[in-house]
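Chains, contacts and geometry: an overview
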Amino acid sequence: MTSQNCSIALFRRGFIALVLACFTGFSWAATTGAPEFKGKIAERYEDSVEWYPQTVPTPPEGAPNVLIILLDDVGFAQLGSFGGLSATPNIDQLAAGGLRFNNFHTAALCSPSRASLMAGRFPHSIGLGSHALTAMGFPGYNAIVPPSAKSVAKILKNNGYVNYALGKWDHTPLYEVSQAGPFDRWPSDEGFDHFYGFMAADADQYRTLMFQDHAPIEPWKDKKDYHNSTDLADKAIEYITGHVSVAPDRPFMVLFAPGAMHSPHQAPPEYIEKYRGKFDMGWDRAREMILARQKELGIIPADAKLTERINAIPAWDSLQAEEKKLYARQMEVFAAMLAHVDDEIGRLVATLDRVGALDNTLILVTSDNGASGEGGLAGTFNETYAINGLQTPLEANMRHFENWGGPSTYPHYHAGWAMAGNTPFRYFKQAVHRGGQQDPLIVHWPKGIEEKGGVRNQYHHIADIGPTLLEILGLEVPDEIDGIKQKPMDGVSMLYAFNDANASNAKKVQYYEMFGNLGIWADGWKAVTLHANRLPWDVNVVQPFDQDEWELYHVAEDFSAADNVADKHPEKLEELKQLFDQQARKYHVYPLYDDLMQRIAKQHERLFKDQLTFTYFFPGAVRIAEKVSPPIKGRSHHITTALDISGDERGVIVACGGFTGGYTMFVKDGRVYYDYNYLDGVHYIIESPPLAKGKNDVKFTFTHRGNFAGTGELFVNGKSVGTVDMPKTHISAFSLSESFDVGRDNGTQVSNLYQGEYAYSGDLDKVVFDLRGFPEAEDAARNSAEAATVEAN
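Everything numeric here is computed off the predicted structure, so don't read it as measured data. (Residues numbered from 1 in each chain as written. Predicted model: local features only at pLDDT ≥ 70, side-chain atom pairs only at ≥ 80, totals over all residues. Heavy atoms only, no water.)

Details of the pattern of salt bridges
- Under the counting rule described, the total for this entry stands at 34 salt bridges.
- Residue Glu288 pairs with Arg285 through a salt bridge whose shortest N-O separation is 3.2 Å. With Glu288 and Arg285 both in helix α8 (residues 282–297) and 3 residues apart, the pair spans about one turn of that helix.
- On the basis of relative accessible area, Arg285 is assigned to the partly exposed category, the value being 43%.
- The residue Arg585 makes a salt bridge to Asp581 at a minimum N-O spacing of 3.0 Å. Separated by 4 residues within a single helix, Arg585 and Asp581 lie in helix α15 (residues 570–586), roughly one turn from each other.
- Residue Arg585 is classed as exposed on the basis of its relative accessible area, which comes to 58%.
- Linked by salt bridges that have partners in common, Asp72, Arg114, Lys168, Asp170 and Asp368 make up one network. (Salt bridge = Lys/Arg side-chain N within 4 Å of Asp/Glu carboxyl O. Helix = DSSP H or I, 4+ residues; strand = E, 2+ residues; numbered from the N terminus. Buried < 20%, exposed > 50% of the residue type's maximum accessible area, 1.4 Å probe, protein only.)

Take a look at the structure:
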């Protein structure tokens, strides 16, 4: 059949269907899936009635806009309106015009809290019982939010909202963060029409590896004084003003989730200068000052006690002068960064006011967990120390004192300041004691909340935000979304408390589990464990769970959880332990497994299976997450490529990591280099002689001899051209935010020998990683890996 005859046949087929629809009531929808036509079709236009299918759902009448401001690692006591010593006037203004919930709780870690916020379900019931990086192959921990638990954003979108997500989104497994997806667990499939942010645990605030929708971008390039908090606010303002200009009748939801205040603590120098000398009093005195402010503000009961400083944190007065100087600077930079993001939030709120949307915008401000003690007992100028289980030496930190918080550092503060940030509670992020998961919550909604500046003490959890939004809109979780049956939300709405300060708790029970730390709250009592007495810097401490000591607090009367009454009320403790077991079975908390290093190792085994060779083609192999790049740490390996040299080629062949640590192979001045960046300026470098014109086969070989040490050797055309001893290499990660790239070095630079991305200028086909052919070295690696990890801690 000719193309012309085919077209005629198709036209006739369509014409016949049209006639049937006109004269027999035959529905297009029955054969095409299109909406049933509800107008009228006659032979003459004058006798017909036009009708268009509805393409945009009608939102509920009076539906408010929603702005969720989700801060990172901000403790209960770090905002000014919750007693904090940092200036947060813009957030505090929202508190003054709305409500502060002082009994609000999270999952004690970022990924689980963020997933729970969006899903309205508890973390383990959606597979996010821990961080996506420490997933296990069980329903409570697989890091795969099931399609039966679609987010509140998806429900709002299906009811007429336009949704925008900005900033941190780190509960998508990193093996899905690539141009190939799958995108099922990206913001786009969770109901967000636009995404502008980063998909990692943290981000360099000056050189952020971002995504816009599904596309990797680096908006900081060629911009002076770039800071990610400002960039996110700029984009949010662009989204909001654009939205109200073109769709003023449609409500919007904005999830604004800046990297602040997760490490790295980085702030513009003028903000840092404002806090110089402001924390010389130290963390012990700071806790006392915060407690007094909290009572004055009415955010905690007048009889609330200050919990004792834990033994691991030294008394401020016991420190040497140089230590005090360093640790005070660490807190100055943290405060500066918090003040800076507060100003950016102020710009967002001012924009809502300018466009006339503030009165009917529900604004929620909270955090994903308590203040972080992951900086350890010294703080660090480079977070990579901490994620490799190392404490940073004082002398190493002091070398970076003057530049602390600037682009040459990736810092975190001493855990003593996290303790102060969680006043009056005990412990930090990761613990399910109140210091790890009791967080500030501010709710501002002029049209819906009568009281201004009120405090609410009803007990709630981050999973309760989704149900609250649905009740405000008069919506329920639909039976199905995209053809998949939906499970009910686990959370309960907080709306009842908005205009009734004395309302009884709607929530009756709340369980907690994080890395083996267990907790259960019911009717004003809380039972809790600190598994193996493990603190955030004790990553390799394990012990049987039946050796853990359960503590008991009557938090309805002891707000701070200062007095352990387990010995006085053994029957209540036993009752709560049994209740925990019931909740754990219901929400997929079991099995408990505390060996985090093994959990991460098993993830590697699952991802790579028996794969020993990896081939990456230029130019598309870029912005690959480090965690899913070739697993070379502590393993012998080859890196090979072929170069066709004409005389002026330059640039990166392959790079992984950034200025905090990593490796790179590149061509400069006619020579090929291998540079491994360890810690604090330690670089293992091999430089070849000048390359001959024409084809050059280049190979780097690392021969592992145990304890993550080995020898590097560079070959050109089969001939060894240099070796380097590599006595220490990374155990865990080069960075939480940098990437693996072929043909360029995205983000910050691994090597000091080039600047910028240093894209390869010649013809580059591929780079091959080969982990085969080293049986003796591999045996040594396996036998010594555990010893090396213990030694590192």
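Points about the packing of helix α3 (residues 89–96) against helix α9 (residues 321–354)
- One way to put it is that α3 packs onto α9 with a least axis distance of 7 Å and a crossing angle of 50°. Here α3 is positioned oblique relative to α9, judged by the angle of their axes. Note on element contacts: α9 touches α3 through Asp342, Asp343, Ile345, Gly346 and Val349, opposite Pro89, Asn90, Ile91 and Leu94.
- In terms of residue class, the contact of α3 with α9 is made up of 5 nonpolar, 2 polar and 2 charged. (Axes fitted to C-alpha atoms, helices over the stretch in contact; angles between N-to-C directions. Parallel < 35°, antiparallel > 145°, perpendicular 65-115°, else oblique. Contact = heavy atoms within 4.5 Å. Nonpolar A, V, L, I, M, F, W, Y, C, P; charged D, E, K, R; others polar.)

Side note on unusual backbone geometry
- Following Ala260, the chain continues to Met261 via a peptide bond in cis, the omega torsion being 15°.
- Structurally, Met261 can be placed in the loop between β7 (252–257) and α7 (269–274).
- Omega for the bond connecting Phe618 with Pro619 falls within 30 degrees of zero, at 5°, which places this linkage in the cis form.
- Take Pro619: it is sitting in the loop between β18 (613–617) and β19 (624–625).
- Here the phi dihedral of Asp213 falls at roughly 55°; this positive angle occurs in a residue that is not glycine.
- Given the relative accessible area of 30%, Asp213 is considered partly exposed.
- One non-glycine residue, Asp680, lies in positive phi territory at about 55°.
- Topologically, Asp680 is positioned in the loop between β23 (671–677) and β24 (683–687).

A word on the packing of aromatic side chains
- Under the defined criterion, the tally for this structure stands at 38 aromatic pairs.
- Judged by centre distance (5.6 Å) and plane angle (65°), the ring pair of Phe381 and Tyr385 falls under edge-to-face. In terms of burial, Phe381 and Tyr385 fall into one category: buried.
- By the ring-pair criterion, three or more aromatic residues cluster together here, those being Tyr616, Tyr663, Tyr676, Tyr684, Phe734, Phe740 and Phe769.
- The positively charged end of Arg207 is found above the aromatic ring belonging to Phe659, 5.0 Å away from the centroid. (Phe/Tyr/Trp six-rings, centres within 6.5 Å; stacked < 30°, edge-to-face > 60°. Lys NZ or Arg CZ within 6 Å of the ring centre and 35° of its normal.)

Description of the pairing of strand β28 (residues 739–742)
- A two-sided burial pattern is seen for β28, the buried positions comprising Ser739 and Asp741 on one face and Phe740 and Val742 on the other.
- Judged from the 2 bridges that link them, β19 and β28 form a sheet pairing that is antiparallel. Counterpart to Ala625 in the pairing with β28 is Ser739.
- Relative to β28, strand β21 (residues 651–658) runs antiparallel, the two sharing 3 bridges. Residue Val654 lies in a different strand from β28, and its bridge partner there is Val742. (Pairing = 2+ DSSP bridges.)

Points about the environment of Glu549
- Inspection of the secondary structure assignment puts Glu549 in the loop between β16 (525–528) and β17 (551–553).
- It is 42 Å that separates the C-alpha atoms of Glu549 and Lys154, two residues lying 395 residues apart in sequence.
- Those residues in contact with Glu549, other than ones at most four positions away along the chain, are Val528, Thr529 and Asn564.

Considerations on the side chain of His340
- Mapped onto the elements, His340 comes out in helix α9.
- If we ignore the near neighbours within four places in the chain, the residues touching His340 are His227, Ser229, Thr230, Pro268 and Tyr271.

Let's talk about the confidence of the model for the protein chain
- The predicted model of the protein chain has a mean per-residue pLDDT of 93, with 93% of residues at 70 or higher.
- For residues 776–793, every residue scores under 50 in pLDDT, and the model assigns this stretch 29 contacts once sequence neighbours within four places are set aside. (pLDDT = per-residue confidence, 0-100.)

Quick word on empty space enclosed by the protein
- Scanning the model with the defined rule gives 12 cavities of 30 Å³ or more in all.
- Looking at the largest cavity, its volume works out to about 360 Å³.
- What lines the largest cavity is a set of 29 residues, among which Leu174, Met199, Ala200, Leu736 and Ser737 lie closest to the centre.
- Here the residues of the lining of the largest cavity are counted per class, giving 15 nonpolar, 6 polar and 8 charged. (1 Å grid on protein atoms, 1.4 Å probe; cavity = no way out; pocket = protein on both sides within 12 Å on 5 of 7 lines; lining within 4 Å. Points joined across faces, edges and corners; volume = space filled by probe spheres on them.)

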